[in-house]
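Reading the structure
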Amino acid sequence: MAAHGLRDVRFITPTALSYGTQGPEPALDAVEELLAGVKEELPPNGRVFFGSFPSEIRPKHVTPEAMRLLKRYRVAGRCSGLRAGG
């Protein structure tokens, strides 16, 4: 990506923290693996948009652990795509 001048990655999904899950609860290990892999490919000034508009993070998936994970990978626009309801 960096070799092509790309620095931003945007994930468009109706429920970002559902990535890699087989059930109703988030699979934060799968999300972390995804974010770590993407960060490895980005240049130092690269940004990851995950769960930010037009995507969403389900309110019931917002936990301190999930927010720490997003912060650890410096997810841009963190939580700006939260939606009302379950």
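Throughout, residues of each chain are indexed from 1 in the direction in which the sequence is written. Local features in a predicted model are, by the rule used here, given only for residues with pLDDT of at least 70; side-chain atom pairs are given and counted only at 80 or more, and totals for whole chains, interfaces and linings are based on all residues. The side-chain figures draw on all heavy atoms in the structure; neither hydrogens nor water molecules are used.

1. Examining the pattern of salt bridges
Every case where a carboxyl oxygen of Asp or Glu lies within 4 Å of a side-chain nitrogen of Lys or Arg is listed as a salt bridge. Within the structure shown, the criterion is met by two salt bridges. A salt bridge links Asp8 to Arg47; the shortest N-O distance between them is 2.6 Å. Of this pair, Asp8 sits in strand S1 (residues 8-11) while Arg47 is found in strand S2 (residues 47-50), placing the two residues 39 residues apart along the sequence. Whether a residue is buried, partly exposed or exposed follows from its accessible area with a 1.4 Å probe, protein chains only, as a fraction of its type maximum: under 20%, in between, or over 50%, in that order. Owing to a relative accessible area of 28%, Asp8 belongs among the partly exposed residues under this scheme. Judged by its relative accessible area of 32%, Arg47 is partly exposed. Put simply, Glu32 and Arg72 hold a salt bridge, and the shortest N to O gap is 2.8 Å. Residue Glu32 is found in helix H1 (residues 28-41), and its partner Arg72 is found in helix H2 (residues 64-72); the two are separated by 40 residues along the sequence. With relative accessibility at 28%, the residue Glu32 sits in the partly exposed group. By relative accessible area, Arg72 is classed as partly exposed at 47%. Comment: elements are numbered from the N terminus, with helices defined as DSSP H or I runs of at least four residues and strands as E runs of at least two.

2. Quick notes on the environment of Arg72
It is 9.7 Å that separates the C-alpha atoms of Arg72 and Ala36, two residues lying 36 residues apart in sequence. At 2.8 Å, the side chain of Arg72 forms a polar contact with the side chain of Glu32. N or O atoms within 3.5 Å of each other form a polar contact, as long as, within protein, one can give a hydrogen and the other can take it, and as long as residues adjacent in sequence are counted only when both atoms are side-chain atoms.

3. Some remarks on the confidence of the model for the chain
Close reading of the predicted structure is inappropriate where its pLDDT is low. On a scale of 0 to 100, pLDDT captures the predictor's confidence in every residue. The share of residues in the chain with pLDDT of 70 or more is 86%, and the mean pLDDT across the chain is 84. Per-residue pLDDT, averaged within each element of the chain, yields its smallest value for strand S3 (residues 75-76) (82) and its largest for H1 (94).

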